[in-house]
Amino acid sequence: MSSSSQGRADPAAALPPATPPARLHYAWVVAAVTFVVLLVGAGIRATPSILIVPWEREFGWSAATISLAIALNIFLYGMIGPFAVAIIERFGLRRSVCTALVILAVGTAATAAMRTPWQMILLWGLVVGSGTGMVANVLGATIAGRWFGRHRGLVLGILTASSATGQLVFLPLLAHVVVDHGWRAVSLAVAAAALALVPLVLLLMRDRPADLGLARYGETALQPAPVGGVNPARRALMGLAAGLRSRDFWLLSGTFFICGASTNGLVGTHLIPACIDHGIPEVTAAGLLALMGLCDLVGTTASGWLTDRFDSRRLLAWYYGLRGLSLIFLPYSFDLSFYGLSLFAVFYGLDWIATVPPTVNLAGRVFGEENAALMFGWIAASHQIGAASAAWLAGTIRTGTGDYFGAFVAAGILCLIAALMALFIGARPRIEAALPAGGQLRGA
């Protein structure tokens, strides 16, 4: 054995024997806390979708101006992800997540006092976008990788589905609050929800199974914390540099760009205004997003189960293809009354973010399991760039043409292209995408 291999093995050798897990492995407690955090974070990020029309009415701001703030929010929601992974590795889960929740509470509460577009862009865009980026899907990928050796795809599917469930829980309720008490009450409500989670995270969240003398769920050997002191920003940028040299990284990022453009950037942000354009009230329209969230809870959880058993490339091809067809159908569903939209909501909702488990799985196969969360962070960044682009472009299209027809059809065509791209992921040897050897990207 080489000296470098011995160096990496020493931490594990120094660990005590794994403690036999209790009847309920603590991994499930950590996963449950993470589910709630991701649920609230996604609900806060999606909140501006029910505030577009109230802001237009009160301040006279155009959909394009408001969409700029939402686009920045979505952009940061993704771009913070890779750095969030490295920050979590350096400073720990509890401190990182609690800091993000406090940022969200302060940022959303302050929006109740905003009066100008630049304040909206600063608070809902920069501050809230940065906070939600710390509690995005990369957090779920980190938890699944650290705490689960078995059923990882299923757990990741459940955690990913929490972002859609955030809409299920928050948006219909918040839509009622907007109607009854105004949009400022919504800002204060979501701030209170974020702040209420801080004690829960401090009490129950743990960084790694080894902190409790446990192996990952489904395993018997303790996993030591990685050694080293790589700066979080440097580690994230090193991962990006390695990814940019990989054809598979570009394919994964390209398909996920389209995923973001066709989900939270377009439908998540603009479906409610599109419904209002067709005479459907805000509360009813928010109910459609809630129905999508409920269906996605089922669809994404099922996607995690399927990812553990079937070829992830073929799963992605099916998901993107079906999503594309549903988006092309959407403009015509408005002519079929509320029942046509309900059919769209069910069909589309089952596929909302079912793409995440197979995408994380492919990232692990290409870059190695120990780097899956970090590399998925960069892939997810492309998702949010796509979402931010669609959020702004769709608002601009509505301002210019008076409706969303072109935006919905264009997104559907892009999804059909993504279905073809997915089939080519992993077609070349993994060595092309390998990260630098020696464990230097492991971080602290």
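Residues numbered from 1 in each chain as written. Predicted model: local features only at pLDDT ≥ 70, side-chain atom pairs only at ≥ 80, totals over all residues. Heavy atoms only, no water.

Engineer: Any details on a nonpolar patch on the surface? Residues and values, ideally.
Structural biologist: A cluster of nonpolar side chains, Trp318, Leu322, Leu325, Phe347 and Leu416, forms an exposed patch at the surface whose accessible area comes to about 510 Å². Secondary-structure assignment places tryptophan 318 in helix α14 (residues 312-333). (Patch = residues over 30% accessible without salt bridge, like charges linked within 9 Å, V, L, I, M, F, W, Y side chains within 5 Å. Areas by Shrake-Rupley, 256 points an atom, 1.4 Å probe, with all protein chains shown as cover. Salt bridge = Lys/Arg side-chain N within 4 Å of Asp/Glu carboxyl O. Helix = DSSP H or I, 4+ residues; strand = E, 2+ residues; numbered from the N terminus.)

Engineer: Summarise the side chain of threonine 255; cite the residues concerned and give the values.
Structural biologist: Relative to the helices and strands, threonine 255 resides in helix α11 (residues 247-262). Taking relative accessible area as the criterion, threonine 255 reaches 0% and is therefore assigned buried. Not counting the four nearest positions on each side in its chain, threonine 255 is found in contact with Tyr320, Ala418, Met421 and Ala422. (Buried < 20%, exposed > 50% of the residue type's maximum accessible area, 1.4 Å probe, protein only. Contact = heavy atoms within 4.5 Å.)

Engineer: How would you summarise empty space enclosed by the protein if you had to cite specific residues and measurements?
Structural biologist: Scanning all chains against the criterion turns up 2 cavities of 30 Å³ or more. Counted as a void, the second largest cavity has a volume near 30 Å³. Around the second largest cavity sit Ile50, Ala175, Val178, Ile272, Glu282 and Ala286, which together line it. Only α8 (152-181) and α13 (282-307) provide two or more residues apiece to the lining of the second largest cavity. Residue composition of the lining of the second largest cavity, grouped by class: 5 nonpolar, no polar and 1 charged. (1 Å grid on protein atoms, 1.4 Å probe; cavity = no way out; pocket = protein on both sides within 12 Å on 5 of 7 lines; lining within 4 Å. Points joined across faces, edges and corners; volume = space filled by probe spheres on them. Nonpolar A, V, L, I, M, F, W, Y, C, P; charged D, E, K, R; others polar.)

Engineer: Describe unusual backbone geometry, naming the residues involved and giving the relevant values.
Structural biologist: Unusually for a residue other than glycine, histidine 151 sits at a positive phi of about 60 degrees. Inspection of the secondary structure assignment puts histidine 151 in the loop between α7 (137-147) and α8. Of the residues examined, histidine 151 reaches a relative accessible area of 29% and is grouped as partly exposed.

Engineer: Could you give me a rundown of the side chain of threonine 269, with the residues and numbers involved?
Structural biologist: Here threonine 269 lies in helix α12 (residues 267-277). Among residues more than four places away in sequence, those in contact with threonine 269 are Ser49, Ile52, Ile70, Ile74, Asn264 and Ala391.

Engineer: Explain the pattern of salt bridges to me, using residue names and the numbers behind them.
Structural biologist: Counted under the stated rule, the structure contains 5 salt bridges. With a closest N to O distance of 3.3 Å, glutamate 56 and arginine 398 form a salt bridge. Of the two residues, glutamate 56 sits in helix α3 (residues 52-59) while arginine 398 sits in helix α17 (residues 372-401), which places them 342 residues apart along the sequence. Measuring nitrogen to oxygen at the nearest pair gives 3.2 Å for the salt bridge that ties arginine 313 to aspartate 311.

Engineer: So, the confidence of the model for the protein chain: which residues are in play, and what are the values?
Structural biologist: For the protein chain, the mean per-residue pLDDT works out to 81, and 88% of the residues sit at or above 70. Segment residues 1-15 is flagged for pLDDT under 50; beyond a separation of four residues in sequence, or across chains, it makes 8 contacts in the model. Of the regions scoring below 50 in pLDDT, residues 431-444 engages in 37 contacts with residues more than four places distant in sequence or in other chains. (pLDDT = per-residue confidence, 0-100.)

Engineer: Tell me about the packing of α12 against α13, and please be specific about residues and values.
Structural biologist: α13 packs onto α12 with a crossing angle of 145 degrees between their chain directions and a minimal axis gap of 8 Å. In the crossing of α12 with α13, the sense of the turn from one axis to the other is right-handed. Residues Val267, Gly268, Leu271, Ile272, Cys275 and Ile276 of α12 lie in contact with α13, whose contacting residues are Glu282, Ala285, Ala286, Leu288, Leu289 and Met292. Grouping the amino acids of the contact of α12 with α13 by side-chain chemistry returns 10 nonpolar, 1 polar and 1 charged. (Axes fitted to C-alpha atoms, helices over the stretch in contact; angles between N-to-C directions. Left-handed = near helix turned anticlockwise from the far one by under 90°.)

Engineer: How would you explain the nonpolar core if you had to name every residue and give the values?
Structural biologist: Membership of the largest hydrophobic core comes to 124 residues, with the highest contact counts inside it found for Trp55, Leu139, Val267, Leu271 and Met292. Ranked by residue count, the leading element in this core is α17, at 13 residues. (Core = buried A, V, L, I, M, F, W, Y, C linked by side-chain atoms within 4.5 Å.)

Engineer: Account for α14, with residues named and values stated.
Structural biologist: The terminal C-alpha atoms of α14 lie 31 Å apart, and with 22 residues this matches the ideal 32 Å at 1.5 Å per residue to within 8%. The backbone nitrogen of arginine 313 has a side-chain oxygen 2.9 Å away, supplied by the residue at the start of α14, namely aspartate 311. (Expected span 1.5 Å × (residues − 1). Polar contact = N/O pair within 3.5 Å; in protein donor to acceptor, adjacent residues only side chain to side chain.)

Engineer: Explain the packing of α11 against α14 residue by residue, including any values.
Structural biologist: Across the interface, α11 lies against α14 with an axial gap of 12 Å and an inter-helix angle of 30 degrees. As summarised for this structure, α11 and α14 are arranged roughly parallel, according to the angle between their axes. Judged by the sense of rotation from one axis to the other, the crossing of α11 with α14 is left-handed. The residues of α14 that touch α11, namely those facing Thr255, Phe256, Cys259 and Ser262, are Tyr320, Arg323 and Leu327. Classifying every residue of the contact of α11 with α14 by side-chain character gives 4 nonpolar, 2 polar and 1 charged. (Parallel < 35°, antiparallel > 145°, perpendicular 65-115°, else oblique.)

Engineer: Which residues make up the packing of aromatic side chains, and what are the values?
Structural biologist: With the rule as written, the count across this model stands at 15 aromatic pairs. Here phenylalanine 249 and tryptophan 250 contribute two aromatic rings whose centre-to-centre distance is 6.5 Å and whose plane-to-plane angle is 85 degrees, an arrangement assigned as edge-to-face. Centre to centre, the rings of tyrosine 404 and phenylalanine 408 are 5.9 Å apart; their planes meet at 40 degrees, and the pair counts as tilted. In this pair, the class of tyrosine 404 matches that of phenylalanine 408, namely buried. Put simply, the rings of Trp55, Phe59, Trp61, Trp124 and Trp183 pair up and form one aromatic cluster. (Phe/Tyr/Trp six-rings, centres within 6.5 Å; stacked < 30°, edge-to-face > 60°.)

Engineer: Which residues make up the environment of arginine 146, and what values do they have?
Structural biologist: Residue placement: arginine 146 occurs in helix α7. Sequence-wise, arginine 146 and alanine 27 are 119 residues apart; in three dimensions their C-alpha atoms are separated by 9.1 Å. Dropping the residues within four chain positions of it, arginine 146 is found in contact with Ile88, Glu89, Leu93, Asp207, Arg208, Pro209 and Arg216.

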